[in-house]
Amino acid sequence: MAVGKDTIWERFLQPVVRLFIDEPALRRFYDSVDWEKESDRFRNPTLTIPSYYSSQNFHGIQKGYLNPGAAVSYDPITQYVLAPNETWVRQSLIDAIRCKPKRILDLGCGTATTTLMLKQAFPEAEVIGLDLSPYMLVMAEHKAEKVQRNIQFKHGNAEQTGFPDGYFDLVTASLLFHETPPAVSQAILKESFRLLKTGGEVAILDGNQKTLRQTDWLNEIFEEPYIKAYASGNLDAWMGSAGFEAVQTTDVWLIHQVTQGVKPIAGEATRNSAARSRFHAPDTTDLGEDLEGFPAPAFGTMA
Ligand SMILES: C[S@@+](CC[C@H](N)C(=O)[O-])C[C@H]1O[C@@H](n2cnc3c(N)ncnc32)[C@H](O)[C@@H]1O
């Protein structure tokens, strides 16, 4: 896929955002890290990187998150694109959590901004962040060390994490699902269900699917290969299909949403499955092409 050269982001917004970003400082940081050596500490040699991930550019960056430049520019840009305020938006996921988790897995943790907030909210919990990009994990660990938070980072695929059944009380994902094809999102939800203890919770923060379906123009801004498919899908329905109960989506500042659910006890799941198939909204993934939009983080090229 060619790098987008004419998006609204590249023509108008990137030059404006650049005014607020200390690019020389980012460049110095980028040059100060031996990215290959540092990322080798995380790299899992048995991991197969899925083609949906390695074959696409994300946010106009060649090789997407498999480019260390993405890891360096992610936070400085995300703070401006996660309206109206990055911390408030991320806090909505933390606020939705009802349990007091002992073990937490943050899928697609990226540079660990939400992972760190989880550790702050639940300091006694063992917190693990998992991501497909070893470069994002280098940044994540750097941030965690800076604030002296003990978080483990694992190079892995959220579709197949390798953790045992029922290992976690809470599984989270922030800003992951608008970047994965719907079939992958559904596989990740099934994996989350497997990983949770009975009564465990899943909480997902991402773009608001209802809003995205009505705002085609937003999709012109950033290069997001799977966002149209995400917008036309229905996360509640995907959660129901994965086996979750008490599924609920809450709008967050109209352009985001938090979707949460609970892993029921086995008998409950069977009893409720008929009700689930009656009441869950249809998945409109197939409507596809004409539903688009969501201003996900976008990046300038660093490497
Ligand atoms: C938009 S970033 C979100 C990062 C972080 N959660 C946040 O809230 O800022 C999406 C992240 O998901 C990761 N990712 C995408 N697909 C994945 C998968 N199948 N398994 C694990 N991580 C994945 C990417 O490498 C990237 O770091």
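What you see is a predicted model, and the numbers here were worked out from it, not measured in a lab.

What counts, and at which threshold
Residues numbered from 1 in each chain as written. Predicted model: local features only at pLDDT ≥ 70, side-chain atom pairs only at ≥ 80, totals over all residues. Helix = DSSP H or I, 4+ residues; strand = E, 2+ residues; numbered from the N terminus. Buried ≥ 20, exposed ≤ 12 C-beta atoms within 10 Å, placed from the backbone. Contact = placed C-beta atoms within 7 Å. pLDDT = per-residue confidence, 0-100. Axes fitted to C-alpha atoms, helices over the stretch in contact; angles between N-to-C directions. Left-handed = near helix turned anticlockwise from the far one by under 90°. Nonpolar A, V, L, I, M, F, W, Y, C, P; charged D, E, K, R; others polar. Near = placed C-beta within 6 Å. Pairing = 2+ DSSP bridges. Right-handed = clockwise from strand over helix to strand, strands pointing away. Core = buried A, V, L, I, M, F, W, Y, C linked by C-beta atoms within 7 Å.

Participant: Just to check I follow, could you spell out the overall build of the protein for this structure?
Facilitator: Tallying secondary structure elements over the protein gives 13 helices and 7 strands in all. Residue burial in the protein is summarised as follows: out of 303 residues, 45% are buried. Once local pairs closer than 6 in sequence are excluded, the contacts in the protein between residues at least 24 apart make up 79%.

Participant: How should the confidence of the model for the protein be read in this particular structure?
Facilitator: Regions with low pLDDT carry predicted coordinates that are not meant to be interpreted in detail. Here the protein averages 85 in pLDDT, while 78% of its residues score no lower than 70. When the elements of the protein are averaged for pLDDT, helix α13 (residues 266-279) gives the smallest value, 54, and strand β1 (residues 103-107) the largest, 99. Counting interchain partners and residues more than four positions distant, the pLDDT-below-50 stretch residues 274-303 has 90 contacts.

Participant: Which parts of the structure should I look at to understand the packing of helix α2 (residues 23-32) against helix α5 (residues 68-81)?
Facilitator: Angle between the axes and distance between the axes are the two parameters that describe a pair of packed helices. Viewed as axis vectors pointing N to C, α2 and α5 meet at an angle of 145 degrees, and their least axial separation amounts to 10 Å. In this structure, α2 meets α5 at a crossing whose hand is right-handed. For the pair α2 and α5, contact is made by Leu-26, Phe-29 and Tyr-30 and by Gly-69, Val-72, Ser-73 and Pro-76, respectively. Considered class by class, the residues forming the contact of α2 with α5 number 5 nonpolar, 2 polar and no charged.

Participant: Got a minute to help me understand the site of the ligand in this structure?
Facilitator: Around the ligand sit 22 residues, and of these Tyr-65, Gly-108, Gly-110, Ala-158 and Ser-174 come closest. Secondary-structure elements contributing two or more residues to the shell around the ligand are α7 (113-121) and β2 (126-131). Counted by class, the shell around the ligand contains 11 nonpolar, 8 polar and 3 charged residues.

Participant: Which parts of the structure should I look at to understand the pairing of β1?
Facilitator: Residues in a regular strand point their side chains to alternate faces of the sheet. Along β1, 4 of the 5 residues are buried, which leaves the element largely enclosed by surrounding structure. Alignment of β1 against β2, held across 5 bridges, turns out to be parallel. Bridged to Asp-106 within β2 is Gly-129. Chirality of the crossover, the property in question, places the unit of β1, α7 and β2 among those that are right-handed.

Participant: Whenever I open this one, the sheet that holds strand β6 (residues 245-252) confuses me. Can you help?
Facilitator: Paired through their backbone hydrogen bonds, the strands of a sheet run either parallel or antiparallel. Strand order in the open sheet formed by 7 strands is β3-β2-β1-β4-β5-β7-β6, and the pairing between neighbours is mixed. The open sheet has two edge strands with one neighbour each: β3 (151-155) and β6. Looking at each pair of strands side by side, their axes are set apart by 15 degrees on average, direction ignored. Seen against the sheet, helix α12 (residues 235-242) touches β5 (196-207), β6 and β7 (256-262) and runs at an angle of roughly 160 degrees to β6.

Participant: Please explain the nonpolar core as it appears in this structure.
Facilitator: Across soluble globular proteins, nonpolar side chains have a tendency to be buried as a group. If you look at the biggest cluster of nonpolar residues, it comprises 62 residues, and the most contacted ones within it are Ala-71, Leu-105, Leu-107, Ala-140, Val-171 and Ile-204. Here this core takes 7 residues from helix α8 (residues 134-146), the largest share from any one element. In this structure Leu-105 touches Ile-128, Leu-130, Phe-168, Val-171 and Leu-195, once residues within four positions along its chain are discounted.

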